[in-house]
Amino acid sequence: MNAPVMPLPQPDTRPGDAPYVVIEGLRRTFDVSRPWLNRVIERQPRQILRAVDGVSFAIRRGQTFALVGESGSGKSTVARMVVGLLPPSAGDVRITGVSMTDPREAAARRRLRRRIQMIFQDPYASMNPRWRVRNIIAEPIRAFNLLQGDVAIGRRVGELLGLVGLHPDDGVKYPHEFSGGQRQRIAIARALASEAEFLVGDEPTSALDVSVQAQILNLMRDLQDRLGLTYLFISHNLAVVRHMANRIGVMYLGRVVEIADGRELFRAPKHPYTRMLLDSVPDIGLTGRKRIPVSGEIPNPIDPPTGCAFNPRCPFANERCRTEVPTLVEGVACHAFQERRLPA
Amino acid sequence: MTEPVLSVRNLRVAFAGRRGTLTAIDDVSFDIAPGEILGVVGESGAGKSVTGSAVIGLIDPPGGIVGGQVLLKGERIDNLSPEAMRRIRGRRIGMIFQDPLTSLNPLYRVGRQIVETIRTHTDLSEKAARQRAIDLLAEVGIPAPERRIDGYPHEFSGGMRQRVVIALALAAEPELIIADEPTTALDVSVQAQIIALLKRLGSERGTAVMLVTHDMGVIAEAADRVAVMYSGRIAEIGPVRDVVQNPLHPYAKGLMGAIPTLAQDTDRLAQIPGSMPRLSNIPPGCAFNPRCPSVFGRCRVERPDPIPVGAHRVACHLYDRSEASAA
Ligand SMILES: Nc1ncnc2c1ncn2[C@@H]1O[C@H](COP(=O)(O)OP(=O)(O)OP(=O)(O)O)[C@@H](O)[C@H]1O
Ligand SMILES: Nc1ncnc2c1ncn2[C@@H]1O[C@H](COP(=O)(O)OP(=O)(O)OP(=O)(O)O)[C@@H](O)[C@H]1O
Ligand code: SF4
Ligand code: SF4
Ligand SMILES: [Mg+2]
Ligand SMILES: [Mg+2]
């Protein structure tokens with residue numbers, strides 16, 4: 001690789017502490033071409049979808065990093081690469097210094113895996129419907145030998161069910177006998193059972209009513225305070241993100257367009273997309289405030305706009321925006337921001 | 001008065017438990033008028049999805065409807081044969097299930113599944129059905145639908161799959177749509193688009209919608225009326241503005257008070273203390289009584305029936321006019 005001519009974007013860390021997770025230049029493409037024969041007959045080229053296109057950020061130990069952004073912007077794809085479920089097309093993820101991709105570090109990675117757990121976006125799809133819930137939750141306990149003996153394991157499973165607001169006796173049931181939100185809580189109980197120190201939650205509370213959601217989020221924060229857990233948290237609910245996250249990355253079409261401390265992002269959003277996103281939150285108080293809808297066509301990741309991907313919807317777009325991809329500088333990837341021509 | 005599209009009368013649904021019968025839905029009644037969106041909210045496990053499944057006749061045996069009636073445009077549908085019910089599902093009642101993956105076959109391209117649904121319920125040609133499928137995908141906000149239509153479900157993001165399921169439910173232009181958490185995985189902008197679409201179906205075609213969601217923002221924007229469920233019963237039902245801004249039932253008050261907002265800066269989110277009773281262990285009297293801040297003697301013995309209060313109906317003894325201690 002050539003020495004960089006331009007100064008590299010600042011890695012997202014503070015001086016003095018080694019981050020727990022470091023994500024650098026993460027990319028992932030998918031080949032979504034029609035079958036070969038159709039392509040030949042219809043003379044179509046290969047079609048490559050860039051789901052994640054150069055994402056870098058870091059998470060410090062004991063902190064929560066949240067990813068927000070439009071549906072399809074690449075949040076789940078980042079999460080799956082972070083936990084090692086999907087190989088990146090380029091870039092790397094290092095957790096406590098161990099690479100999630102380097103084949104030479106396979107042994108260290110295996111030891112690391114048990115310290116990482118993911119709560120999936122589709123809870124039902126992530127559990128075996130033929131297993132009783134107590135076995136689903138006990139699985140990581142048995143796999144990692146965290147406790148010995150059925151009595152001890154049973155007691156622990158009961159405790160975990162209680163923590164997520166279910167009853168210890170519910171363990172004998174099968175997943176289909178639960179409501180959607182109850183299943184989501186079972187998935188959370190299983191993730192907690194592993195005693196992982198790094199939890200990746202992909203919309204972990206999206207199916208919960210506000211009160212049960214509060215119970216789970218309060219629990220997650222208590223555990224974080226007590227045990228120093230590190231979270232990567234994906235949610236479309238900005239109020240929840242605001243409550244949980246120390247730092248927030250806003251994604252748009254495969255890239256991080258703004259990255260900031262939680263309070264700061266909500267107090268003074270900078271990127272035009274972030275501003276639009278915050279303005280579009282529905283009004284719960286029925287105060288009559290019109291929510292400003294995010295306007296413009298939804299971009300297509302197979303054939304993204306040139307330059308800044310947000311330019312067709314951006315009120316500040318100019319010629320440069322249509323040709324040159326903005327890089328993340330001072331936590332914002334926007335030409336207008338860098339040219340100081342955004343209104344405060 | 002126009003005839004409601006959906007009428008649910010004293011519905012009761014039970015499952016066979018390990019130690020006897022579990023009543024999941026206990027005496028639930030509501031109507032949905034043409035073009036109306038009824039929001040249904042309530043604690044996880046309150047019975048929202050089971051109510052929806054009962055309406056479309058999809059309670060898995062040994063569970064089932066054990067009482068009451070379900071009427072679609074005045075005709076009973078709860079006692080139809082499975083065959084007749086199958087014809088109504090998809091054609092006259094569209095369903096959006098809570099787990100989007102369960103409605104999509106992972107082995108078929110999404111376009112195939114939508115085209116199949118359209119062709120089963122209409123007499124469109126293959127080509128016209130494909131065009132309609134593309135239009136539907138565009139309507140629910142899938143970018144480049146003419147290309148994405150040939151993708152498999154796993155190639156779509158969570159929110160996109162959810163929108164494919166919505167497109168499937170709309171495919172045959174049903175009279176009633178049961179939408180169970182249709183926007184849970186969607187960011188606010190796509191959410192707004194789906195809400196606008198549901199509202200448009202209501203005003204243009206008179207489609208009635210039962211919209212189950214825990215997202216009060218969605219309720220506030222989309223619903224005309226809202227029903228708050230607790231432990232298999234409707235605690236309160238009324239016009240959305242009233243119920244959200246001025247809830248009467250103590251559970252509804254707690255629920256509205258627990259909504260986290262962007263403005264607030266607290267370390268802990270508000271939650272209602274305790275948890276909902278399990279089906280096998282519903283307390284006598286009012287099911288909310290162990291958690292209720294206003295509980296009084298009568299609540300522990302007598303089950304409250306819905307009482308009309310203004311435009312609301314509230315199942316709480318506090319609102320019984322004969323109750324001297326009513327607030
Ligand atoms: N296996 C796959 N094959 C093809 N395309 C894929 C695959 N997985 C994801 N994609 C595409 O990559 C893009 C990003 O998807 P991803 O699931 O990461 O989005 P997301 O931000 O999690 O969205 P949502 O909020 O809807 O869950 C989408 O356009 C999606 O269709
Ligand atoms: N097949 C079943 N067998 C036994 N019990 C069931 C079955 N399906 C649902 N239940 C129970 O019925 C009750 C109501 O479930 P339902 O799915 O309607 O809840 P919900 O209000 O939709 O909750 P959520 O918001 O979590 O989706 C729950 O206690 C659930 O455990
Ligand atoms: S780079 Fe240009 S188009 Fe992109 S957000 Fe900034 S001003 Fe808008
Ligand atoms: S009936 Fe009694 S216990 Fe139930 S909600 Fe009303 S006051 Fe509370
Ligand atoms: Mg996702
Ligand atoms: Mg449900």
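In case you missed it, the structure is sitting above this.
Here the structure is a predicted model, which means the values were calculated and not measured.

Definitions and limits used
- Residue positions are given per chain, counted from 1 along the sequence in the order it is written.
- All chains are assigned letters beginning at A, and all ligands numbers beginning at 1, according to the order in which they are written.
- Local features are withheld for residues below a pLDDT of 70 in this predicted model, meaning they are given only at 70 or higher, and side-chain atom pairs are given and counted only at 80 or more; totals for whole chains, interfaces and linings count all residues.
- Just so you know, side-chain values use all the structure's heavy atoms and leave hydrogens and water out.
- A run of H or I in DSSP counts as a helix once it spans at least four residues, and a run of E counts as a strand once it spans at least two, with each numbered from the N terminus.
- As a reference, a globule follows 2.2 Å times the number of residues to the power 0.38, and the radius of gyration itself is taken over C-alpha atoms.
- Type-normalised accessible area, obtained with a 1.4 Å probe on protein chains alone, sets the label of each residue: buried when under 20%, exposed when over 50%, and partly exposed for intermediate values.
- In this description, contact between two residues means that some pair of their heavy atoms is separated by no more than 4.5 Å.
- For every accessible area listed, the method is Shrake-Rupley and the probe measures 1.4 Å; residues are considered covered only by the protein chains on display.
- Axis definition: a line fitted to C-alpha atoms, limited for helices to the stretch in contact. Angles are taken between N-to-C directions and run from 0 to 180 degrees.
- Reported orientations rely on four angle classes, namely roughly parallel under 35 degrees, roughly antiparallel over 145, roughly perpendicular from 65 to 115, and oblique for the rest.
- Classes in brief: Ala, Val, Leu, Ile, Met, Phe, Trp, Tyr, Cys and Pro nonpolar; Asp, Glu, Lys and Arg charged; the others, Gly included, polar.
- Any two strands with at least two DSSP bridges between them are considered paired.
- Whenever Lys or Arg places a side-chain nitrogen within 4 Å of a carboxyl oxygen from Asp or Glu, that contact is recorded as a salt bridge.
- Note on convention: near helix rotated counterclockwise from far helix by under a right angle means a left-handed crossing. Clockwise means right-handed.
- A cavity here means a set of 1 Å grid points, computed over protein atoms only, where a 1.4 Å probe fits but cannot escape. A pocket is an open set with protein on both sides within 12 Å along at least 5 of 7 lines, and lining residues have an atom within 4 Å of a point.
- Grid points are joined across faces, edges and corners, and a volume is the space filled by probe spheres set on the points.
- The term buried area denotes the loss of accessible surface (1.4 Å probe radius) that occurs when two parts are joined, taken as the sum for both partners.
- Throughout this description, a polar contact denotes any pair of N or O atoms lying within 3.5 Å of each other; where both atoms belong to protein, one of them has to be capable of donating a hydrogen while the other can accept it, and for residues adjacent in sequence the pair is counted only when both atoms sit in side chains.
- Shown as donors are all N, O and S atoms within 2.8 Å of a metal ion, widened to 3.2 Å for Na, K and Ca; because water is not in the atom set, sites may appear incomplete.

*Asks:* Could you give an account of the overall build of chain A, naming the residues involved and the relevant values?
*Replies:* A tally of helices and strands in chain A yields 12 helices and 10 strands. The C-alpha atoms of chain A give 22 Å as radius of gyration, which agrees with the globular expectation for 344 residues (20 Å, within 12%). Burial analysis of chain A (344 residues in total) assigns 54% to the buried set. Within chain A, residue pairs in contact and separated by at least 24 positions form 61% of the contacts whose partners lie at least 6 positions apart. Summing over all exposed atoms, chain A offers an accessible surface of approximately 15,600 Å²; the carbon and sulfur share of this is 52%.

*Asks:* Now, about the packing of helix α6 (residues 180–193) of chain A against helix α7 (residues 210–227) of chain A: what can you tell me, with residues and values included?
*Replies:* How two helices sit against one another is set out by the angle between their axes and by the gap between those axes. All names here are of chain A. Viewed as axis vectors pointing N to C, α6 and α7 meet at an angle of 10°, and their least axial separation amounts to 12 Å. Taken together, the axes of α6 and α7 lie roughly parallel to each other. On the side of α6, the interface is formed by Arg185, Ile188 and Leu192, while α7 contributes Val212, Ile216, Leu219 and Leu223. Tallied by class, the residues present in the contact of α6 with α7 amount to six nonpolar, no polar and one charged.

*Asks:* I'd like a rundown of the sheet that holds strand β5 (residues 75–76) of chain B, residues and numbers included.
*Replies:* Strand pairing in a sheet takes place through backbone hydrogen bonds and is either antiparallel or parallel in direction. All names here are of chain B. What the four strands build is an open sheet, ordered β2-β1-β4-β5; its pairing is antiparallel. Each having just a single partner strand, β2 (20–32) and β5 make up the two edges of the open sheet. Of the pairings in the sheet, the one linking strand β4 (residues 64–72) to β5 comprises two bridges and is antiparallel in character. By the bridge assignment for β5, Leu72 is matched with Glu75.

*Asks:* Could you give an account of the pattern of salt bridges, with specific residues and numbers?
*Replies:* Residues and elements named next belong to chain A. Evaluated as defined, the whole model comprises 42 salt bridges over all chains. Across the salt bridge formed by Glu264 and Arg267, the nearest N and O atoms sit 2.8 Å from each other. Placement of the pair is Glu264 and Arg267 together in helix α9 (residues 262–267), with a separation of three residues, close to one helical turn. Of the charged contacts in the structure, one is a salt bridge between Glu319 and Arg322, with a shortest N-O distance of 3.5 Å. Taken together, the positions of Glu319 and Arg322, both in helix α11 (residues 319–323) and three residues apart, correspond to about one turn of that helix. For Glu319, a relative accessible area of 52% translates into the label exposed. Residue classification places Arg322 among the partly exposed positions, given a relative accessible area of 36%.

*Asks:* Any chance you could break down the packing of helix α5 (residues 126–139) of chain B against helix α7 (residues 158–170) of chain B for me, citing the residues and the numbers?
*Replies:* Residues and elements named next belong to chain B. For the pair α5 and α7, the least separation of the axes is 9 Å and the interaxial angle reads 130°. Accordingly, the angle class assigned to the pair α5 and α7 is oblique. The handedness of the crossing between α5 and α7 is right-handed. Of the residues in α7, those in contact with Arg132, Leu136 and Leu137 of α5 are Val164, Ala167 and Leu170.

*Asks:* How would you explain empty space enclosed by the protein if you had to name every residue and give the values?
*Replies:* For the coordinates displayed, the defined rule picks out six cavities of 30 Å³ or more. Taken as a whole, the largest cavity holds about 180 Å³ of empty space. Lining the largest cavity are 15 residues; nearest its centre among them are Gln121, Pro123 and Ser206 of chain A together with Gln98 and Thr184 of chain B. Of all elements in the fold, only α6 of chain A together with α7 of chain B reach the threshold of two or more residues within the lining of the largest cavity. Considered class by class, the residues forming the lining of the largest cavity number four nonpolar, eight polar and three charged. By volume, the second largest cavity amounts to about 120 Å³. Tyr230, Arg233, His249, Cys286 and Ala287 of chain B are the residues nearest the centre of the second largest cavity, which is lined by 13 residues in total. No other element matches strand β10 (residues 233–239) of chain B, which puts three residues into the lining of the second largest cavity.

*Asks:* Please give an account of the interface of chain A and chain B that cites residues and values.
*Replies:* Interfaces are frequently sized by the accessible area removed from exposure as the parts join. Facing the 66 residues of chain A at the interface are 64 residues of chain B. Summed over both partners, the interface of chain A with chain B buries about 5,300 Å², with 53% contributed by carbon and sulfur atoms. Counting the contacts that link chain A with chain B gives two salt bridges. A salt bridge links Asp170 of chain A to Arg278 of chain B; the nearest nitrogen and oxygen atoms lie 2.6 Å apart. Between the two partners, chain A and chain B, sit 13 residue pairs in polar contact (both at pLDDT 80 or more).

*Asks:* Describe the coordination of the magnesium ion (ligand 6), and please don't skip the residues or the numbers.
*Replies:* All names here are of chain B. Only Ser49 (OG) and Gln98 (OE1) from the protein coordinate the magnesium ion (ligand 6), and they sit 2.0 to 2.2 Å from it. Pair noted here: Ser49 is in helix α1 (residues 48–55) and Gln98 is in the loop between β6 (93–96) and α3 (100–103), with a separation of 49 residues, a long-range link. Judged by relative accessible area, which is 23%, Ser49 ranks as partly exposed. Take Gln98: its relative accessible area is 15%, and that puts it in the buried class.

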